[in-house]
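Spelled out, the chains give:
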Amino acid sequence: MTKFLILPLALIFLAAFTPANDPSIPADVQALLDKNGCAACHAMGRKLVGPAWPEIAAKGYSKKKIASLVAKPEPSNWPGYVPMVAQKVPKAEMDKIATWLVSLKK
Ligand code: HEC
């Protein structure tokens, strides 16, 4: 009988301990990244025009700082990249994106 319990338990264990920076972006966040054009320049696993999301998260910015950097980029933070164009994002949406970005930090 226990044999039949091991697999489901192992799966539950795996699901519970999958790192927060799983390459999949939650659907609601992805929708905002698409809508606001972020996805054209930023991705999860690799550099596009802009740095990959986990790289940005690794900087350890606060939500407030992220929102301010999106509204007023500081290209000197990213040598070797073209400067990001300032983005206008509705506050509630920016908040959601920033909350997610902060959560990626290992
Ligand atoms: C046209 C391409 C482009 C788009 C669109 C874009 N970014 Fe960027 N982003 C960049 C580049 C290039 C950098 C690195 C250079 C810089 O910060 O100027 C960057 C940097 C960043 C940073 C790090 C800022 C810092 O100073 O460390 C954040 C946060 C960010 N982007 C979030 C966003 C969000 C959120 C959106 C959508 C609202 C977005 N970006 C849309 C190209 C883009």
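So, a few notes on the structure that sits alongside this text. Quantities reported herein were computed from a predicted structural model and do not represent experimental measurements.

Of regular secondary structure, the chain possesses 5 helices and 0 strands. In sequence order, the secondary structure elements of the chain are arranged as α-α-α-α-α. Each of the 106 residues in the chain was classed as buried or not, and the buried ones make up 27%. When contacts within the chain are restricted to residue pairs at least 6 apart in sequence, long-range pairs at least 24 apart make up 54% of them.

Turning our eyes to something else, we now look at the pattern of salt bridges. Tallied over the full model, the rule gives 4 salt bridges. Lys96 serves as the salt-bridge partner of Asp28, at 2.8 Å between the closest nitrogen and oxygen. Pair noted here: Asp28 is in helix 2 (residues 27-35) and Lys96 is in helix 5 (residues 91-104), with a separation of 68 residues, a long-range link. By relative accessible area, Asp28 is classed as partly exposed at 39%. On the basis of relative accessibility, which here comes to 38%, the residue Lys96 falls in the partly exposed class. Here Glu93 and Lys35 are joined by a salt bridge, their closest N and O atoms 2.7 Å apart. Here Glu93 is found in helix 5, whereas its partner Lys35 is found in helix 2, with 58 residues between them in sequence.

Bringing the coordination of the iron atom of the ligand into the picture now. Every protein donor of the iron atom of the ligand is listed here as His42 (NE2) and Met84 (SD), and their distances to the metal cover 2.0 to 2.1 Å. Each of the 6 donor atoms bound to the iron atom of the ligand contributes to angles spanning 81 to 180°, and the resulting shape is octahedral. Placement of the pair is His42 in the loop between helix 2 and helix 3 (53-57) and Met84 in the loop between helix 4 (63-71) and helix 5, with a sequence separation of 42 residues. Residue Met84 is classed as partly exposed on the basis of its relative accessible area, which comes to 34%.

Every one of the 24 residues lining the ligand counts as a neighbour, but Cys38, Cys41, His42, Tyr61 and Met84 are closest to it. Between the ligand and Asn77, the relevant distance is 2.8 Å, taken from an oxygen atom to a side-chain nitrogen or oxygen of the residue. With respect to the ligand, the backbone of Met84 contributes an N or O atom lying 2.7 Å from an oxygen atom. Residue assignment for the shell around the ligand shows that the elements contributing at least two residues are helix 3 and helix 4. Of all the elements, helix 4 adds the most residues to the shell around the ligand, at 3 residues.

To continue, consider the environment of Pro73. Locating Pro73 in the fold gives a position in the loop between helix 4 and helix 5. The spatial distance from the C-alpha of Pro73 to the C-alpha of Gln87 is 8.6 Å, given a sequence separation of 14 residues. If sequence neighbours within four positions are ignored, Pro73 has contacts with Met84, Val85 and Ala86.

Analysis parameters
- Residues numbered from 1 in each chain as written.
- Predicted model: local features only at pLDDT ≥ 70, side-chain atom pairs only at ≥ 80, totals over all residues.
- Heavy atoms only, no water.
- Helix = DSSP H or I, 4+ residues; strand = E, 2+ residues; numbered from the N terminus.
- Buried < 20%, exposed > 50% of the residue type's maximum accessible area, 1.4 Å probe, protein only.
- Contact = heavy atoms within 4.5 Å.
- Salt bridge = Lys/Arg side-chain N within 4 Å of Asp/Glu carboxyl O.
- Donors = N, O, S within 2.8 Å, 3.2 Å for Na, K, Ca; no water.
- Tetrahedral: all angles 85-135°; square planar, octahedral: opposite > 155°, others 65-115°.
- Near = heavy atom within 4 Å.
- Polar contact = N/O pair within 3.5 Å; in protein donor to acceptor, adjacent residues only side chain to side chain.

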